[in-house]
Amino acid sequence: MDIDIVSVFPEYFDVLNLSLFGKAMERGLVTVRAHNLRDWTHDVHQSVDDTPVGGGAGMVMKPEVWAECLDELLGIPADAPANTDADTTTAPDAPVLIFPNPSAPLFTQQDATELSHAGHLVFGCGRYEGYDARIPQYYRARGVDVREYSIGDYVLNGGEVAVSVMLEAITRLLPGFMGNAASIVEESYTGANALLEHSQYTKPATWRGMAVPPVLISGDHGKVDRFRRDEALEKTSRLRPDLIAHLDCAALDKADRKTLIALGWEVSGAHPRKLG
Ligand code: ADE
């Protein structure tokens, strides 16, 4: 996977040399190029922002600088006409252009999974009050697959942290990135019937007077699986009832239904419904 990141603080991404990501780069699984947006400026101050049209506080990132940079990274000629047919987005290695934005839909595990199949990702990190809204519009009109995502309902100073978060969520799904592929399959938010993951324990079986749930050392795999599934259902019901409400009732087994009913859910419709 080829990854280009554009930022006014490209050094921020030096951290990617560490840990599993660094190893994946060494092995050629991912190639990351962090670019300084100011390299595409022409004025002596290397300015990338201007005051908001219509008034308001802060500064907005200018479209001209971004466009020179993105034309180059996406391989789009500056005078490319707008096209409404989506041919370019369906090419197997067509780049996906991603802007973190606190006013965009939430980035989910499903987005991470989908983007892990792309061959080339280009991330644009906004700063200040964000970027001129015409930038994503312009590239969308030229057939580029443009995504804008928020990583949560809070405001950061810029897109760099959000890009790191998305990058980690996406690249760890690449075949060969993680040591143990099975650990990905069992995780929270994975699959159509996403639940929070059950709690994990390691040895010793008793630590500072606290014992692990005895069933986990019973050696009965069926009972262990059921215990974990029930714990995941209970935990999700308590902490993220919205996830339970999205479950597909047809995909629940008899024991799941029994557990959910005991937790106060009605499971006879398409999705569980909280009673009371
Ligand atoms: N930029 C600033 N805040 C952000 C957020 N919550 N998600 C994505 N990008 C952002």
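Residues numbered from 1 in each chain as written. Predicted model: local features only at pLDDT ≥ 70, side-chain atom pairs only at ≥ 80, totals over all residues. Heavy atoms only, no water.

If you check an unreviewed UniProt entry, the protein appears there as tRNA (guanine-N(1)-)-methyltransferase from Bifidobacterium anseris.

**With respect to the nonpolar core**
One finds Ile3, Ile5, Leu121, Phe123 and Ile170 to be the most contacted residues of the largest nonpolar core, which totals 30 residues. Among the elements of the structure, strand S1 (2-7), helix H1 (19-26), strand S5 (96-100), helix H4 (109-115), strand S6 (120-124) and helix H6 (160-171) are those that each provide at least two residues to this core. Sort the elements by how many residues they give to this core and H6 lands first, with six residues. One finds Val8, Met61, Leu70 and Leu73 within the second-largest nonpolar core, a separate group that totals 22 residues. (Core = buried A, V, L, I, M, F, W, Y, C linked by side-chain atoms within 4.5 Å. Buried < 20%, exposed > 50% of the residue type's maximum accessible area, 1.4 Å probe, protein only. Helix = DSSP H or I, 4+ residues; strand = E, 2+ residues; numbered from the N terminus.)

**Some thoughts on the site of the ligand**
Around the ligand, the neighbouring residues are Pro100, Asn101, Pro102, Tyr149, Ser150, Ile151, Gly152, Tyr154, Val155, Leu156, Gly158 and Ala162. Between a nitrogen atom of the ligand and a main-chain N or O atom of isoleucine 151, the distance comes to 3.0 Å. One of the backbone nitrogen or oxygen atoms of glycine 152 is found 3.2 Å away from a nitrogen atom of the ligand. Protein coverage of the free-state accessible area of the ligand, which is 260 Å², stands at 96%. Of the residues assigned to the shell around the ligand, the class counts are eight nonpolar, four polar and no charged. (Near = heavy atom within 4 Å. Polar contact = N/O pair within 3.5 Å; in protein donor to acceptor, adjacent residues only side chain to side chain. Areas by Shrake-Rupley, 256 points an atom, 1.4 Å probe, with all protein chains shown as cover. Nonpolar A, V, L, I, M, F, W, Y, C, P; charged D, E, K, R; others polar.)

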